[in-house]
Amino acid sequence: MKISVVSKKLWCVHKQLILLLTPLVFLPLLFTLPEKEGKCLYVVVLMAMFWCTEALPLAVTAILPVCLFPTMGILPAKKVCPQYFIETNFLFLSGLVMASSIEEWGLHRRIALKVLTIVGVKPAWLILGMMLTSSFLSMWLSNTATTAMMLPIANAILESLFGDLETLKLKCKSPEDHESAVINGTLYSLTLFPETLGHYLHKSMYQLNVWKGFLICIPYAASIGGTATLTGTAPNLILIGQLKSYFPDCDLINFGSWFAFAFPLMLIFLALGWLWISFLYGGLNTRHDRRAQAEARAKAVIEEDYRRLGPLNFAEGAISFFFVLFAVLLFTRDPKFVTGWSVLFKQGYVSDAVTGVIIVSILFFFPSQKPSFRWWFDPQASNTPYVPLLSWKKAQDSVPWNIILLLGGGFAMAKACEESGLASWIGGHLQPLAEVPPAAAVMLITAFLACFTEFASNTATIIIFLPVIAEMAMHVSVNPLYFMIPATIGCSYAFMLPVSTPPNSIAFASGHLMVKDMVRTGIVMNILGVLSVALAMNTWGIAMFDLNSYPEWAHPINKTALFTDKHISSVQPFNATL
């Protein structure tokens, strides 16, 4: 049998082979390491392999701790199961429910079209408008939903600017494929007029390039925007969940303080990304600006789509109000730099999850039609059923329950690593990294995770690496937040491959982008992202989270920790290295 045939057959069953061989290959871990740490590492490696290869669905791998940790004597079931719906998951759930209500009434589309009418229709400004809108929406909606909504809008605008895409692709073929062309109503023989051919091809290739820039900027902006809020993307919630597990006394990260740190970072990275994409795809080119008619058509398309939405109705107005209230209450609960409204309640009782659940609960009974007292006294009025802003069926269909299980699996893994002593054991073997300056380590960590997440789920990536990074920070006498925050953000910076994120896959599936387009754009985006994170951490990040000293809340809570209290008390601030 030919090797090619065998390889194809092996590929057909590669997931099953991974499921069978991985437990056997890593079996020596159970016998070569300390008993409890070895067992925990064995399960962690199995889950990491299954997550990275997707040999099992991500959510199924995430529930493996429920059966493996208790049966292997690592952690009792009564400690594993509660990790799947802790406070952080309720915050995530409330954000998803709010997002589903916005989608239900089309408010996101109204916001998108309004922004595009403001920024104008020149290519560079349209790319900026697309990126601003996508990033803002992905702060509250899922990155995938944002990309899926924005791409059709972008295509409609581009068709009004440049015409049909397939025709444009045909124009961009090699000169041998063209004998003549109709330009502005005139038939030109391209073999007799080579200068016409040059202009004809150059203009068409420029337009196709701009088209690619439009398509590629949307998923990138959605990924960037998701980092600005705690509920914007799953890795942010993994961070806060694991902080509460490892460092219960750390209360520095909440919705308000995270937004105050991450929103300026998002704006800086978005501006750099816009300049790079506009430069690479011709959006900054002014040589083709004599296209008033095409721009007028594009503007008309945007305005017509916005006009079709009609005036803001009662339901959209109500959703807008609750959306703003949701954001304001989360931001002002305990923003750290000013006194928040949480002081009105018993200290430590009201969290971001409580705030989110209160607001979204109202959506299930608040009316979607304007209430009228006349209805009660008008026998002729139609007795239509009462319709709230959001039904449970809609919320149930919209919420990605697999992501909630994935979060729970991450928290269960972190709990096991902590209680088994595995995290401390790994941290003890990372002592040589103390020689690396912390500022350089931040860039290395961000770059490594940004590259790793190109091939694996960002949620799985941060679940695997965050406990190790926390222990590494403790063992090299660095504030854990100084390493954990860049790691978390870096997991969202996956720009180079179509398979890196669902938004990238959606844009690539349009059939108008090639892998090389994403690689050449994404590699510079990754570099810009790493530099932006390093800037944020070493400027306002230090001031906000007091990163230039080792905090009291970071004392190890594990009895077997190698990093003793005596050692911690002797830690010196590392601000000199920053």
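Everything here concerns the structure above.
Residues numbered from 1 in each chain as written. Predicted model: local features only at pLDDT ≥ 70, side-chain atom pairs only at ≥ 80, totals over all residues. Heavy atoms only, no water.

Trainee: Account for empty space enclosed by the protein, with residues named and values stated.
Mentor: Counted by the stated rule, this structure contains 2 cavities of 30 Å³ or more. Approximately 50 Å³ is the volume found for the second largest cavity. Lining the second largest cavity, in full, are Ile-102, Leu-107, His-108, Ile-111, Phe-136, Leu-137, Trp-140, Leu-141 and Phe-323. Every element with two or more residues in the lining of the second largest cavity is listed here: α9 (107–119) and α10 (123–138). (1 Å grid on protein atoms, 1.4 Å probe; cavity = no way out; pocket = protein on both sides within 12 Å on 5 of 7 lines; lining within 4 Å. Points joined across faces, edges and corners; volume = space filled by probe spheres on them. Helix = DSSP H or I, 4+ residues; strand = E, 2+ residues; numbered from the N terminus.)

Trainee: Could you give an account of the layout of surface pockets, with specific residues and numbers?
Mentor: A volume near 880 Å³ is recorded for the largest pocket. As for the largest pocket, its lining consists of 40 residues, of which Thr-144, Ile-403, Asn-458, Thr-459 and Pro-502 are closest to the centre. Of all the secondary-structure elements, those providing two or more residues to the lining of the largest pocket are α4 (35–53), α8 (87–104), α11 (143–162), α14 (234–246), α21 (401–420), α24 (458–475) and α26 (502–509). No other element matches α8, which puts 6 residues into the lining of the largest pocket.

Trainee: Which residues make up the packing of α14 against helix α25 (residues 480–490), and what are the values?
Mentor: With their axes 9 Å apart at the nearest point, α14 and α25 run at an angle of 155° to one another. As the angle between them shows, α14 and α25 are arranged roughly antiparallel. Handedness of the α14/α25 crossing: right-handed. For the pair α14 and α25, the contacting residues are Pro-235, Asn-236, Leu-239 and Leu-243 in the first and Leu-481, Met-484, Ile-485 and Thr-488 in the second. (Axes fitted to C-alpha atoms, helices over the stretch in contact; angles between N-to-C directions. Parallel < 35°, antiparallel > 145°, perpendicular 65-115°, else oblique. Left-handed = near helix turned anticlockwise from the far one by under 90°. Contact = heavy atoms within 4.5 Å.)

Trainee: How would you sum up the pattern of salt bridges? Please name residues and give values.
Mentor: Within this structure, the stated rule accounts for 13 salt bridges. In this structure, Lys-39 engages Glu-35 in a salt bridge whose closest nitrogen and oxygen atoms are separated by 3.3 Å. Of this pair, Lys-39 and Glu-35 both sit in helix α4, 4 residues apart, which is roughly one turn of the helix. Salt bridges sharing partners connect three or more residues here, namely Arg-109, Glu-304, Asp-305, Arg-307 and Arg-308. (Salt bridge = Lys/Arg side-chain N within 4 Å of Asp/Glu carboxyl O.)

Trainee: An account of a nonpolar patch on the surface is requested, with residue identities and associated values reported.
Mentor: On the surface, Val-6, Leu-10, Val-13, Leu-17, Leu-20, Leu-21, Leu-24 and Val-25 cluster together to form a nonpolar patch covering roughly 690 Å² of accessible area. Those elements that place two or more of their residues in the nonpolar patch are α1 (3–12) and α2 (14–25). With 5 residues, the top contributor of residues to the nonpolar patch is α2. Mapped onto the secondary structure, Leu-20 falls in helix α2. (Patch = residues over 30% accessible without salt bridge, like charges linked within 9 Å, V, L, I, M, F, W, Y side chains within 5 Å. Areas by Shrake-Rupley, 256 points an atom, 1.4 Å probe, with all protein chains shown as cover.)

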